[in-house]
Amino acid sequence: MKLFFPTLVLSFIGLIVLNVGFILTNLIFWGLNGVDHVIKGDNFVEVIYYSEYLKWILIGDVVWAIGLFAFLISRRHYKTDLELHYLTIKKIKEPKVCVIIPTFNEEQVIKEVLSSYINHQNVEKIIVIDNNSIDKTVEIAKSFGVNVIEKTKNKGLADSVIQGLIQFLETSSNIVAITECDGTFSAEDLSKMIPYLDNCDMVIGTRQIQVLTEKGNQNSMFYVWGNYLLAKLIQIKYFSLTNMGIVELTDVGCLYRCIRRDALEKIKKELSGLDAERIIKNPNSGLIANFLTMISIENNLRIVEVPITFKNRVGTSKTGANKKDRAIIYGMRFFWYILTK
Ligand SMILES: Nc1nc2c(ncn2[C@@H]2O[C@H](COP(=O)(O)OP(=O)(O)OP(=O)(O)O)[C@@H](O)[C@H]2O)c(=O)[nH]1
Ligand SMILES: [Mg+2]
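Residues numbered from 1 in each chain as written. Chains lettered and ligands numbered in written order. Predicted model: local features only at pLDDT ≥ 70, side-chain atom pairs only at ≥ 80, totals over all residues.

## Details of the site of ligand 1
In the vicinity of ligand 1 lie 23 residues, with F104, N131, C181, S317 and K318 positioned nearest. Of all the secondary-structure elements, those providing two or more residues to the shell around ligand 1 are β1 (97-103) and α7 (157-168). For the shell around ligand 1, the class distribution of residues is six nonpolar, 12 polar and five charged. (Near = placed C-beta within 6 Å. Helix = DSSP H or I, 4+ residues; strand = E, 2+ residues; numbered from the N terminus. Nonpolar A, V, L, I, M, F, W, Y, C, P; charged D, E, K, R; others polar.)

Structure, rendered in structure tokens:
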């Protein structure tokens, strides 16, 4: 059953290529030699019957459609448990947020980032997890009196986030916020995210609302589309016929999120599991965002995605994701991860 979804998605892509390829090839032959050259038979049934390839392509399409129908039917009652998947009200009376900030050579922006989070009314603690920066990042962080975990080796972004989450569980805060140290996210947005935690376990930001983004930000058209389509792929993976999926997602790559402490307790085992190891091996891919979202859905945590602001990056990109070829590779990794997780 685990193979059903990937098979459906991969065969869909294969069929699109075949169908479009077939139509284009026929149009070319039609243009060159006239319509008689591509149509054998006098009526519609004969055209299909006598064509060498069309009938096989159509059979493929029909088999795929039957597969899709079976998938939809199998998801009739998917994630519709009254206790687990519908409205709950668990008010957090006093939100006390611990912010975890992975850093790597961010001396240009870390001051601004730390000040903004320190000044937020609900922030109780900040943990900086530094990936062995060679600039003044650590020095500046320490001057703010925040907790700094200094790694002696750069083990990548995913490793830092996981270490930060584990450290958070040692604190008395009841919410953890994961953010980046590049100036793109805003501390004030915490105030928009926290209230949703009364009704859910994890609030994820989406950077897809144009009027909330700064012109010239790192999410070029390519990223906007890629993040959207991959987010929809996750949604389809956890699709339920009644509600079009247990989550509504539009931005697969956004790391900025808040998680309730009791919810993180439920998935903490996953942070040291095989899947976590797999994403740590892909240090720069940003897969950690995807991983956290997917393990949360699989463990029946409630997720709400909310629009957040997104500003231009300060300092240089650590992923190099601003280059198209890298972005394609990251996109492919996300795609494969979603299919095979
Ligand atoms: N890429 C990367 N980022 C790291 C690492 N360790 C810490 N970080 C921090 O994680 C955050 C995300 O990295 P970014 O370079 O912003 O990656 P991105 O958001 O995918 O892309 P850009 O914002 O365009 O650079 C930043 O605050 C980095 O400083 C690491 O090993 N690799
Ligand atoms: Mg960034």
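After that view of the structure, there is still more to cover.
## A look at helix α1 (residues 4-33)
Here α1 spans 42 Å end to end across 30 residues, near enough to the 44 Å set by a 1.5 Å rise per residue. Taken across its 30 residues, α1 has zero buried, putting it largely on the surface. Note on α1: the residue one or two positions beyond its end, G34, has a positive phi of about 95°. (Expected span 1.5 Å × (residues − 1). Buried ≥ 20, exposed ≤ 12 C-beta atoms within 10 Å, placed from the backbone.)

## Focus on the domain arrangement of the protein
When the parts of a complex come together, some accessible area is lost, and that lost area is often taken as the interface size. Parsing the protein into structural domains produces domain 1 (4-74) and domain 2 (97-340). Between the C-alpha centres of domain 1 and domain 2 the distance comes to 42 Å. Domain 1 puts four residues into the contact, and the matching count from domain 2 is four residues. Considering each element in turn, the side of domain 1 that touches domain 2 owes the most residues, three residues, to α1. Among the residues forming the side of domain 1 that touches domain 2, the class breakdown is four nonpolar, no polar and no charged. (Domains from an automatic or database assignment. Contact = placed C-beta atoms within 7 Å.)

## As for unusual backbone geometry
One non-glycine residue, K79, adopts positive backbone phi at about 50°. Assignment of secondary structure puts K79 in the loop between α3 (54-74) and α4 (82-85). Accessibility expressed as a C-beta count within 10 Å gives 17 for K79, which makes it partly exposed. For N105, which is not a glycine, the phi torsion comes out positive at approximately 50°. Relative to the elements of secondary structure, N105 occurs in the loop between β1 and α5 (110-118).

## Considerations on the environment of G226
You can see G226 is positioned in helix α9 (residues 221-237). Put simply, G226 and T293 are 67 residues apart on the chain and 17 Å apart in space, counted from C-alpha to C-alpha.

## Digging into the packing of α9 against helix α13 (residues 324-340)
If you want to describe how two helices pack, look at the angle between their axes and the distance between the axes. In the contact formed by α9 and α13, the axes pass within 10 Å of each other and the chain directions differ by 5°. Overall, the two elements α9 and α13 adopt an arrangement that is roughly parallel. Where α9 approaches α13, its residues F222, Y223, G226, L230, L233, I234 and K237 are matched on the opposing element by K324, A327, G331, F334, F335 and I338. Tallied by class, the residues present in the contact of α9 with α13 amount to nine nonpolar, two polar and two charged. (Axes fitted to C-alpha atoms, helices over the stretch in contact; angles between N-to-C directions. Parallel < 35°, antiparallel > 145°, perpendicular 65-115°, else oblique.)

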